[in-house]
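# Fold and contact review
Chain by chain, the residues:
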Amino acid sequence: MRTLRRFLKRLGSWATKQQSEERLTAEIEEHLALQTAENLRAGLSPVEARRRAVLKFGAIEAIREDYRDQRGLPFLETLVQDTRHALRRLRMAPAFTITTVLTLALGIGATTSIFTLVHAVLLKALPVANPAELYRLGKEARCCYEGGYSQDKEFSLVSYDLYKYLRDNTKGFSELAAFPAIEPLFGVRRSGSSEAAQAYPGEFVSGNYFSMFGINAYAGRALTASDDQAGAPPVAVMSYRLWEQMYGSDPSVIGAVFDLDDKPFTVVGITPPGFFGDTLRNAPPDFFLPLNTEPFVESDADLNKYDTHWLELIGRIQPGAPPASIEAEMRVELRQWLGSHWGEMSANDRAALPNQTLFLSPGGAGITGMREQYEHWLQILMMVTTFVLLIVCANVANLMLVRGMERRRQTSLSMALGAQGPRLVRQALTESILLSVFGGAAGLAVAFAGTRLILHFAFPAGGMAGIPINASPSMPVLLFAFGVSLATGIETGARGIAAAPKKEVTSALAITGQSNARQSCDRMGGPQRGERGKPAGAGLPHAG
Amino acid sequence: MKEKTDVLQGTLALMVLKTLDVLGPLHGYGIARRIEQISGDLLTLNQGTLYPVLLKLEQEGSISSDWDTSENNRKARFYRLTRDGRKHLQAETRDWEQTAAIIGRFFAVKAEDLK
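Bear in mind that the values here come from a model prediction, so they are computed numbers and not experimental data. One numbering rule holds for all chains: residues counted from 1, following each sequence as written. Each chain takes a letter, starting from A, and each ligand takes a number, starting from 1, following the order in which they are written. Local features in this predicted model are restricted to residues whose pLDDT is 70 or higher, and side-chain atom pairs enter the listing and the counts only when it is 80 or higher, whereas totals over whole chains, interfaces and linings include all residues. Where side-chain values are given, they derive from all heavy atoms of the structure, hydrogens and water being excluded.

Bringing the interface of chain B and chain A into the picture now. In what follows, residue pairs with any heavy atoms lying within 4.5 Å of each other are defined as contacts. The interface of chain B with chain A comprises 32 residues on the first partner and 26 residues on the second. Two parts lose some accessible area (1.4 Å probe) when they are put together, and adding that loss for both gives the buried area. Around 2,600 Å² of area is buried between chain B and chain A when both sides are counted, 53% of it from carbon and sulfur atoms. It is Tyr29, Tyr51 and Gln59 of chain B that lose the most area in chain B upon contact with chain A, and together they represent 28% of the buried surface on that side. The term salt bridge refers to a side-chain nitrogen of Lys or Arg lying within 4 Å of a carboxyl oxygen of Asp or Glu. Applying the counting criterion to the chain B and chain A interface returns three salt bridges. We note a salt bridge from Glu58 of chain B to Arg23 of chain A, for which the minimum N-O separation is 2.9 Å. Polar contacts, as counted here, are pairs of nitrogen or oxygen atoms within 3.5 Å of one another; within protein the pair requires one atom able to donate a hydrogen and one able to accept it, and residues that are adjacent in sequence qualify only if both atoms are side-chain atoms. Scanning the region where chain B abuts chain A turns up 13 residue pairs in polar contact (both at pLDDT 80 or more). Every helix listed is a DSSP run of H or I at least four residues long, and every strand listed is a run of E at least two residues long, numbered separately from the N terminus. If you list the elements that add at least two residues to the side of chain B that touches chain A, you get helix H2 (28-38), helix H3 (50-60), strand S4 (63-69), strand S5 (75-81) and helix H4 (83-108) of chain B. Among the elements that take part in the side of chain B that touches chain A, H3 of chain B stands out by supplying seven residues, more than any other. Any residue that is not Ala, Val, Leu, Ile, Met, Phe, Trp, Tyr, Cys, Pro, Asp, Glu, Lys or Arg is counted as polar, Gly included; the first ten are nonpolar and the last four charged. Class assignment of the residues belonging to the side of chain B that touches chain A gives a composition of nine nonpolar, 13 polar and ten charged.

And the structure:
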């Protein structure tokens, strides 16, 4: 309590510096006057009386110093002084400052941008409820059709009939949804309007697709199981992106009829912003249609072909259900289903039947074709970026070391004038930290611009809003890159200065003095550049 | 003559508080003189060192100060004990006596007492 009150007082008295300085002067004067008077009464001569009084009072300057330290917050004050000093020194060396800040900015910015992309493509889960509960069929991405009753290595695409069999018999899934691996383009226009049709990607999905992901419509309603039945009125869900960009978030779109390839669909809802379907790709679907409308739109429909396997499966498992036992259950179901089609099988299919199996893999990231396609390249990119960051650090370290050498003469001079070693180290550190902070701030700007640029290259189609990746740089990565550069700056900055005091001050001065005799004479004699009007050494920290 | 002792760290503040408690408001010089008198000139006190201590006590709220006129008609800054300061002094006094008592026992102890 007492300490807190004192701290606040000290903080306050920081502002009223001048006033309390005058107060101390007045008090000292008064004190000396009283003591002198008493000495006079004791019979001393006026001069001697004054002299004794001053002697008895003690070292006035030391007391003033002590008083100042008690009054304000010396730590804060020296911090401000050091910061000012460092800023002045950085201003005096613009080439060094700009090079270092730019190097740091590029290093931090580039690393952050690339890691943001890597993070989004390789590591991020779908923006859906509890992505950890999702499992998908298949170990490897496979596209887009498989015919017959056998598949090489694993059964990873299924026909609609097999999907229904698996969906209805697998107890471990609370929901199991299906959708084709391909994403058809539709010619779309609002029904009754004369505008030219525009091509937008769409996706057929099973009726439980949205409930499986735990996604509610942003406006209107999502698709339901009753929409996905033969003979149900054709409905569609539109993407938020299309609704916002093409129709200006017009509420009348919901309930309106749109022609997709000249077939009328009623739009019943809008997906939430940020939802990009089951697959990270550069053109996410703009229309989600029930699977059962596939024959309605496509002339050569696949829906009712038992042996055309074209559907991907993603399911949400019952909480706590072990995926391995679901997988085993589904393998049995697969054999049963294949067995029920024994009559239609070719001789090859029959021979391959004992080898038919399937696998489940975590589906929280959706269908990860892009991940598998780019994983290798992104990893290489990531390594390259790490090296770039290392190179940046090495460069900054070099710049700092050179600066430390240049500084040696100044350091020796400061020490000769009585500066304290720790204070000099603090000054060097302040300078390094300031540089890192500037570099970090500039790096933030580069990271924002760079992330957008990289995403623009990675997803050229669809404009910014179509990109299913958040364009703001990932904060942890930014902080990490900033931390690394800060550590580099501090380490090299401190090492450069710490090396100096070990040398003999005078010899260091002598050596540098020889080589720079004229220059240092000029410097010491006249006012220093950037510190005009102050005597030489005024900018140096003094002892005590 | 017995050698003069330096003022023990932290005890100067306590002396200031006690002096103000006994004598009422005083200026810096007055406090310095009283401390020297009471200690029987056994303490070497650089009188100036008093001022940082006074400032610290004031910041803590133990004393307050105001300009006033001194006995020889000069402007001087007078320090007085606050209620907080009085409480602080009492607590410090208790602590000090306790410490002194403990140390006293250690000095008084003889080898046979512990057998």
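Here we come to the packing of aromatic side chains. Two rings from Phe, Tyr or Trp (for Trp, the six-membered ring) form a pair when their centres sit within 6.5 Å of each other. Planes less than 30 degrees apart are called stacked, planes more than 60 degrees apart edge-to-face, and all others tilted. Applying the stated criterion across every chain, the model contains 18 aromatic pairs over all chains. Judged by centre distance (5.1 Å) and plane angle (85°), the rings of Tyr209 of chain A and Phe213 of chain A are edge-to-face. Highlighted residues: Tyr209 of chain A and Phe213 of chain A, both in helix H8 (residues 209-213), separated by four residues, approximately one helical turn. Considered together, Tyr209 of chain A and Phe213 of chain A belong to a single accessibility category, that of buried residues. Arranged with centres 5.9 Å apart and planes meeting at 50°, the rings of Phe210 of chain A and Phe275 of chain A form a pair that is tilted. In this pair, Phe210 of chain A sits in helix H8 while Phe275 of chain A sits in the loop between strand S9 (263-270) and strand S10 (287-290), placing the two residues 65 residues apart along the sequence. The same class applies to Phe210 of chain A and to Phe275 of chain A, which are both buried. Of the aromatic side chains, those joined through ring pairs into one cluster are Phe179, Tyr209, Phe210, Phe213, Phe275 and Phe288 of chain A. Our definition puts a charge over a ring when NZ of Lys or CZ of Arg is within 6 Å of the ring centre and also within 35 degrees of the ring normal. Over the aromatic face of Phe359 of chain A sits the side chain of Lys139 of chain A, whose NZ or CZ is 4.0 Å from the ring centroid. For the cation-ring pair, Lys75 of chain B lies above Trp67 of chain B, with the distance from its terminal atom to the ring centre recorded as 4.3 Å. Categorising residues by exposure relies on relative accessible area from a 1.4 Å probe, with only protein chains included: less than 20% of the type maximum marks a residue as buried, more than 50% marks it as exposed, and the intermediate range marks it as partly exposed.

Glancing now at the sheet that holds strand S1 (residues 134-137) of chain A. All names here are of chain A. The antiparallel open sheet is built from four strands, whose spatial order is S3-S12-S1-S13. Here the strands that pair on one side only, and so sit at the sheet edges, are strand S3 (173-180) and strand S13 (360-362). Between one strand axis and the next, the sheet turns through 30° on average, direction left out of account. Strands are labelled as partners when DSSP assigns at least two bridges between them. Summarising the sheet, S1 and strand S12 (residues 311-317) pair through three bridges and their orientation is antiparallel. Pairing of Arg136 across the sheet is with Ile314, part of S12. All axes are obtained by fitting lines to C-alpha atoms, using only the stretch in contact for helices, and the reported angles, taken between N-to-C directions, cover 0 to 180 degrees. Docked against the sheet, helix H11 (residues 323-340) engages S1, S3, S12 and S13, running at close to 150° with respect to S13.

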